[in-house]
Amino acid sequence: MTHSISGKTALDWAAFEAELAPVETISEPVLVKKRSRDFFWYSPILNAQLRKSFGDLVALPSTTEELAHCLRTAHAHDAPITLRGGGTGNYGQAVPLDGGLIIETTRMNRILEIGEGFVRAEAGAIIEDINTALHEQGWELAIFPSTQDIATIGGFVAGGSSGIGSVAQGMLRDPGNIVSLKAMSVTDTPQERLFEGDAVNQIHHAWGLNGVITEVTLRTVPHRNWVHCMATFDSYRDTYAAGYALSCAENIARKLVSTQDARICDFYPRLESRIRKNKHLLVSLVPQEDMDAFRALIAEQGGQVDLAMSEAELKEAKIPLVYEFAYNHTTLQVLKADRSATYLQVGCPTPPDPQAIADLRPKLGDDVWQHHEFALLDGEIVTFDLPIVWYSTEERLHEIEATYEANGFPIFDAHICMVEGGGLKNADYRHLAWKKRMDPKGLLNAAKSREWVNVKDMDPEAIEAMIPG
Ligand SMILES: Cc1cc2nc3c(=O)[nH]c(=O)nc-3n(C[C@H](O)[C@H](O)[C@H](O)COP(=O)(O)OP(=O)(O)OC[C@H]3O[C@@H](n4cnc5c(N)ncnc54)[C@H](O)[C@@H]3O)c2cc1C
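Chemist: Would you mind going over helix α8 (residues 236–248) in detail, with residue names and values included?
Modeler: The end-to-end C-alpha separation of α8 is 19 Å, in line with the 18 Å expected for 13 residues at 1.5 Å each. Listed in full, the buried residues belonging to α8 are Tyr236, Thr239, Tyr240, Ala241, Ala242, Gly243, Leu246 and Ser247.

Set out below in structure tokens:
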């Protein structure tokens, strides 16, 4: 019996590794441990829970045949499996809770087809590479995460939900954004299955628990000459109001609208002397041809455009692209300077109400700095607060959450590593029914689902019958 890095499996991992040949593997403990982590450390609570959860072996298949060989071998030995793309997930999504085999998809990275309004790629393709290939043909992804330089397209579809583009194109789950995907089952003869139309949501955002995504087709939109913009305001209320006005403007296209408390900007050293000090910030991507209208809107709303640069100009000036100050990158910029920061995920009243945001601010306390992302949800503009929270104790964190909730702002828990805990809030029986079909032994990181143990012995139709309504 060989040593198990995780301490949780009783398999002979050296023999298992030999069986995986010719698939590339990594068994060096330091490297396996590195690939057992994602960005869960944003949360002090998850950091304490997950920092010692490791896998036992990493496999890097480069074709679907090699992937099938890995899955067949794991199935034969009842080895737990965790899928991994770029490892940028936030809630320990890619952490192997039961140890076992980590399958990293980054060698399965071919861009297979670019057509009118779509791109088809293997799951391990890096999103930035896809966007670069698209740009050459006049297209860009309708939605992509701010982590595009590391994240894979399969990881985004399995773990993500929205991103740059969502203010105009909606959530990933909205019809047409994921055109189709293929996922492979974990059985003695792994099979690829095609999911199209609404059926993509049977696999999307299931955190890799109910099938191995091998290929994804995503919607693309014509590429535009985006200007990276930053505008500043005296009050957060005005910044938020301007964000809402911009998100609804008929004469201005936009791919990103994000607003941030002035105190957060002190953590942006690269923007020093580029944006006014002690002012609240609006971050946006606006096409060149709409810049006059954008400047007029910002002035009408009482703000000032401090920065308007092309991607090439930013790179030349060594300033990160503006979306590296948005979504979860806002938190990351702060964490780079001070590890005592964390964040929350909070829903806001719809339609966006600047007064409700202003009224809430004094109730939150000085340890909470607001940060809103604007997005289109079910055809309406909504906002999510991803505030910076200066962590002191778990009790204080829960007190802040209670303040939000008591004022009509629902919390989507970012400090829980269960799929049912965060955005979904409840068990997704559609996902679990497909887990039973695609992974009947429950090898795909089953510990991430609280509900799986209750349904694992039921047949898929009976699980589906539990879908509410
Ligand atoms: C700084 C920062 C900014 C972020 N910004 C955004 C954002 O704008 N929008 C957003 O939605 N998210 C965002 N996230 C979360 C995360 O980056 C995205 O979800 C990202 O696209 C995940 O891709 P990945 O390749 O890194 O996935 P991983 O972290 O490797 O995996 C994510 C999940 O998908 C599963 N998985 C991976 N590959 C497969 C596969 N082939 N088949 C099935 N399951 C698989 C994993 O098991 C895991 O559960 C951000 C995170 C950070 C740290």
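Chemist: Can you lay out the site of the ligand for me, pointing to particular residues and giving the numbers?
Modeler: With respect to spatial proximity, 36 residues lie near the ligand, and among them Leu83, Gly85, Thr88, Thr152 and Ser162 are the closest. Between an oxygen atom of the ligand and a side-chain N or O atom of Thr88, the distance comes to 2.6 Å. Taking Trp207, its main chain carries an N or O atom lying 3.0 Å from an oxygen atom of the ligand. Here the ligand loses 97% of its free accessible area of 970 Å² to cover by the protein chains. Per-class residue counts for the shell around the ligand are 14 nonpolar, 21 polar and one charged.

Chemist: Explain the sheet that holds strand β19 (residues 380–385) to me, and be specific about the residues and the numbers.
Modeler: One open sheet accounts for seven strands, arranged β14-β11-β13-β12-β18-β19-β16; its pairing is antiparallel. Two strands close off the open sheet at either side, each with one partner strand: β14 (304–309) and β16 (346–347). Where strand β12 (residues 256–260) meets strand β18 (residues 371–377), three bridges bridge the pair, whose relative direction is antiparallel. Along β18, the bridge assignment pairs Ser258 with Glu373. Along the sheet face, helix α12 (residues 327–337) touches β12 and β18 and points at about 165 degrees away from the line of β18.

Chemist: How would you explain unusual backbone geometry if you had to name every residue and give the values?
Modeler: The bulk of non-glycine residues show a negative phi, and the bulk of peptide bonds are trans. Here the bond from Ala21 into Pro22 is cis, since omega is 10 degrees, no more than 30 degrees from zero. Counting through the fold element by element, Pro22 comes out in the loop between α1 (13–20) and β1 (24–26). Residue Pro351 follows Thr350 across a cis peptide bond; omega there is -5 degrees. Tracing the backbone through its elements, the reader meets Pro351 in the loop between β16 and α13 (354–364).

Chemist: Give me the sheet that holds β1: which residues, what numbers.
Modeler: The pairing of strands in a sheet comes from backbone hydrogen bonds and takes either a parallel or an antiparallel form. Spatially, four strands are ordered β1-β2-β4-β3 in an open sheet, and the strand pairing comes out mixed. Bordering the open sheet on either side are β1 and β3 (81–84), each of which pairs with just one other strand. Ignoring which end each strand starts from, the neighbouring axes of this sheet average 25 degrees apart. Against the sheet, α1 touches β1, β2 (57–60) and β4 (101–104), its axis set at about 5 degrees to β2. Across the face of the sheet, helix α4 (residues 64–77) comes into contact with β2, β3 and β4 while running at roughly 170 degrees to β4.

Rules of the game
- Residues numbered from 1 in each chain as written.
- Predicted model: local features only at pLDDT ≥ 70, side-chain atom pairs only at ≥ 80, totals over all residues.
- Heavy atoms only, no water.
- Helix = DSSP H or I, 4+ residues; strand = E, 2+ residues; numbered from the N terminus.
- Expected span 1.5 Å × (residues − 1).
- Buried < 20%, exposed > 50% of the residue type's maximum accessible area, 1.4 Å probe, protein only.
- Near = heavy atom within 4 Å.
- Polar contact = N/O pair within 3.5 Å; in protein donor to acceptor, adjacent residues only side chain to side chain.
- Areas by Shrake-Rupley, 256 points an atom, 1.4 Å probe, with all protein chains shown as cover.
- Nonpolar A, V, L, I, M, F, W, Y, C, P; charged D, E, K, R; others polar.
- Pairing = 2+ DSSP bridges.
- Contact = heavy atoms within 4.5 Å.
- Axes fitted to C-alpha atoms, helices over the stretch in contact; angles between N-to-C directions.

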